[in-house]
Amino acid sequence: MAYGKDIMKQKKKKPLKTGSVKKKLEKALEAFSKGKTKKTRLLCLSILRDRPHNPTALLLAGRIAVREGRMDEAVESLRRAVIHAPNNADTHQILGKVLNKLGDPEGAVAAFREAVRINNRHKKASRSLGKILLRSGQYAASETHLRQSLEVSPHRIRLRYLLGVACRKQNNHGEAERIFRTIIEIRPDHVDALVNLGISLREQGKLQEAESFLIQAASKDKQSAKTYANLALTQYELGFSTKAEENCNHSLQLEPNRAYVHWIRGQSRLRQGVLEDGWKDFEWRTRMDGYHHSKLPFVEWSGEDLRDRTILVYGEQGIGNEVMCASCLDDLINQAGKVILECDVRLVALFQYTFPHIMVVRRYRKGNKAWLDALPPVDFQISSASLPRYFRNSSEDFSGKRPQLCSDLTLKNQWQEKLASLGDGLKIGISWRGGSHPLARKQRSTELFHWAPLFNIDGVHWINVQYGASDKELAQTSWDMGVQINHFSNFDPLGDLNGFVALLSSLDLVISIDNNTVHFAGALEVPVWTLLPFAADWRWMESREDTPWYTSMRLFRQERPGDWGAVFNKVAKALQVLKDNHH
């Protein structure tokens, strides 16, 4: 019982009459409203001595305990008040507030929910519930209660801002944009709304507009590391690597250990060809929230002598990146006593065929560590994505390297026979879409109608090497343009990488947007023309028409964002030259 010891110390008095209780409650409420804490507490103690279940006195006692910082006693009194007056929304709301302060968000949510159930227009409970659900990542539920709260208090800017954040967190960027624009119309200096509007615009691919709002936010608050970080990311995606690096520097001056910002700066530097510093920053990805790779129990390699030592190289990113970084394996093999390579299960046979003197093991599902017991003793481990930090710090480090992949000769011969049956002429594989993130997919991918300048060139056999369903696109293209794109229906590029690699190695040329296909073709030293958006990925650097990663690759870049027409006209001219020289 709240204040139990204080009550026991009081002298016994006659039980209060009902009228006396009412008068004391009135006096207690008046004293509380005037901020007379001690008087309120004493009156509550007096009432609770004889009426220990009086809900109003218990509620007041709890609120006084909150004022005086005795939070545990406050919870006790408020819980008792809830028991004896379960339909009092105010009591549930105040209890939720106290529980939240005590670090019990689940209890607070339960109390706020009950208050809203009793009174769905309870401003404080709806507002508090929306806020706490937002912080706990329950964005849809948060949105519901924030909207309810706004119906009651439509002019509260803070509530509207939180609603915008809840929408953005659910990737409803169009609605978030609308909300943040409304806030900025009312409060042009609302920095958080400017930043979040910039983020929502960026996620919709409206990069230039996003940059303008983020620049406004940075001009109004020069001490926000978050603002500079978002501006840097937007400028990186716009292709402005130098500006992105500068704003990363601003952000890191304010908060030096923001891993995400180091990662953005690393990519900006790598894109500019600043390899050594770029790789150092790139390593910060492992400290980022959401870094998903399962931790392995071995010591991370940081350049130690590997003679007579065993090192485990584990795959961390997509298969295209694993193929690209495999170019560093020979360097590691030359230093180490033994190398074990863990990789995507689809790559095991390819890598084992290419690197016959190392042990190649498949990647198991997250949390499954049983495969480690079958390994020989391991001294060090390193991610394949971290190998370039040690072996690719200058242009000289790329020279004289052998192909990263070798195809199965039997499968290759089968594909060569199948392609030869198509007749004379160049056999060219095409792939036109890719990218896992929606924005990246939108920027990188093309439509088959973009390829019309190429399809107009005679004497070419077009081969579909696009992974994923494409039958409808191929049929529509054949109908619209009268071009035949050879499609092998019993062939699965995603599931049968051995067959895919054998097909690629049998082609005269591969033309593709930036996806896994170009990595496989480049690793096989098959001629490959890679079609890049204006703001290309860091690995392709800037302005170059070649890449040090793959000697057989040629790069065709957009000169203006979204302009594929000029790219395909340039590719068509190059293809005509190639065809004319082909014998």
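These numbers were taken from a predicted model, which means no experiment stands behind them. (Residues numbered from 1 in each chain as written. Predicted model: local features only at pLDDT ≥ 70, side-chain atom pairs only at ≥ 80, totals over all residues. Heavy atoms only, no water.)

J.: Help me understand the packing of aromatic side chains in this model?
T.: To describe a pair of aromatic rings, one takes the distance between the centres and the angle between the planes. Enumeration according to the criterion identifies 18 aromatic pairs in this entry. Plain terms: the ring middles of tryptophan 451 and phenylalanine 568 are 5.0 Å apart, the flat faces sit at 55° to each other, and that makes the pair tilted. With a gap of 117 residues between them, tryptophan 451 in the loop between helix H23 (438–444) and helix H24 (452–455) and phenylalanine 568 in helix H28 (residues 564–581) connect regions that are remote in the sequence. Owing to a relative accessible area of 0%, tryptophan 451 belongs among the buried residues under this scheme. For phenylalanine 568, a relative accessible area of 0% puts it in the buried group. Three or more aromatic residues link up through ring pairs in this structure, and these residues are Trp279, Phe282, Phe398, Trp538 and Trp549. Its guanidinium or amino end placed over the ring of tryptophan 415, lysine 418 lies 4.7 Å from that ring's centre, counting from NZ or CZ. (Phe/Tyr/Trp six-rings, centres within 6.5 Å; stacked < 30°, edge-to-face > 60°. Helix = DSSP H or I, 4+ residues; strand = E, 2+ residues; numbered from the N terminus. Buried < 20%, exposed > 50% of the residue type's maximum accessible area, 1.4 Å probe, protein only. Lys NZ or Arg CZ within 6 Å of the ring centre and 35° of its normal.)

J.: Got a minute to help me understand a positive patch on the surface in this structure?
T.: Judged by side-chain charge, Arg63, Arg67, Lys97, Lys101, Lys123, Lys124 and Arg156 come together as a positively charged surface patch. For the positive patch, the secondary structure elements donating two or more residues are helix H4 (55–67), helix H6 (89–101) and helix H8 (123–135). Mapped onto the secondary structure, arginine 67 falls in helix H4. With a relative accessible area of 44%, arginine 67 lands in the partly exposed category. (Patch = residues over 30% accessible without salt bridge, like charges linked within 9 Å, V, L, I, M, F, W, Y side chains within 5 Å. Areas by Shrake-Rupley, 256 points an atom, 1.4 Å probe, with all protein chains shown as cover. Salt bridge = Lys/Arg side-chain N within 4 Å of Asp/Glu carboxyl O. Lys, Arg positive; Asp, Glu negative; His and termini not counted. Charge placed at Lys NZ, Arg CZ, Asp CG, Glu CD.)

J.: Help me understand the nonpolar core in this model?
T.: Generally speaking, nonpolar side chains in soluble globular proteins are found buried as a group. Ile311, Leu332, Leu347, Phe351, Leu405 and Phe520 are the most contacted members of the largest nonpolar core, which has 71 residues in total. A total of six residues in this core trace back to one element, the largest contributor, which is helix H26 (residues 497–505). In this structure, Leu146, Leu150, Ile179 and Leu197 belong to the second largest nonpolar core, which totals 28 residues. (Core = buried A, V, L, I, M, F, W, Y, C linked by side-chain atoms within 4.5 Å.)

J.: Just checking my understanding: could you explain H6 for this structure?
T.: Note that an α-helix has 3.6 residues per turn; residues three or four places apart therefore point the same way. Taking 1.5 Å of rise per residue, the 13 residues of H6 would be expected to cover 18 Å, and the 19 Å separating its terminal C-alpha atoms lies within 8% of that figure. Listed in full, the buried residues belonging to H6 are Ala89, Thr91, His92, Gln93, Ile94, Leu95, Gly96, Val98 and Leu99. Residues of H6 that are buried sit in contact with H4, helix H5 (71–84), helix H7 (105–118) and H8. The positive-phi residue at the C-terminal boundary of H6 is glycine 103, with phi of around 80°. (Expected span 1.5 Å × (residues − 1). Contact = heavy atoms within 4.5 Å.)

J.: Sorry, what's going on with the pattern of salt bridges here?
T.: Oppositely charged side chains can pair when the atoms bearing their charge come close. What the rule picks out here adds up to 32 salt bridges. Between glutamate 209 and arginine 181 there is a salt bridge, with the nearest N and O atoms lying 2.5 Å from each other. Here glutamate 209 is found in helix H13 (residues 207–220), whereas its partner arginine 181 is found in helix H11 (residues 173–186), with 28 residues between them in sequence. The class of glutamate 209 is partly exposed, set by a relative accessible area of 30%. The class for arginine 181 is partly exposed, based on a relative accessible area of 26%. Measuring nitrogen to oxygen at the nearest pair gives 3.1 Å for the salt bridge that ties aspartate 344 to arginine 346.

J.: It is not clear to me how the pairing of strand E4 (residues 359–362) should be interpreted in this structure. Could you clarify?
T.: Each regular strand shows side chains that alternate between the opposite faces of the sheet. Bridge analysis of strand E3 (residues 338–343) against E4 gives four bridges, and the strand direction is parallel. Directly across from isoleucine 340, in E4, lies its bridge partner methionine 359. You can see the chain leave E3, run along helix H20 (residues 348–354) and come back into E4, and the turn it takes is right-handed. (Pairing = 2+ DSSP bridges. Right-handed = clockwise from strand over helix to strand, strands pointing away.)

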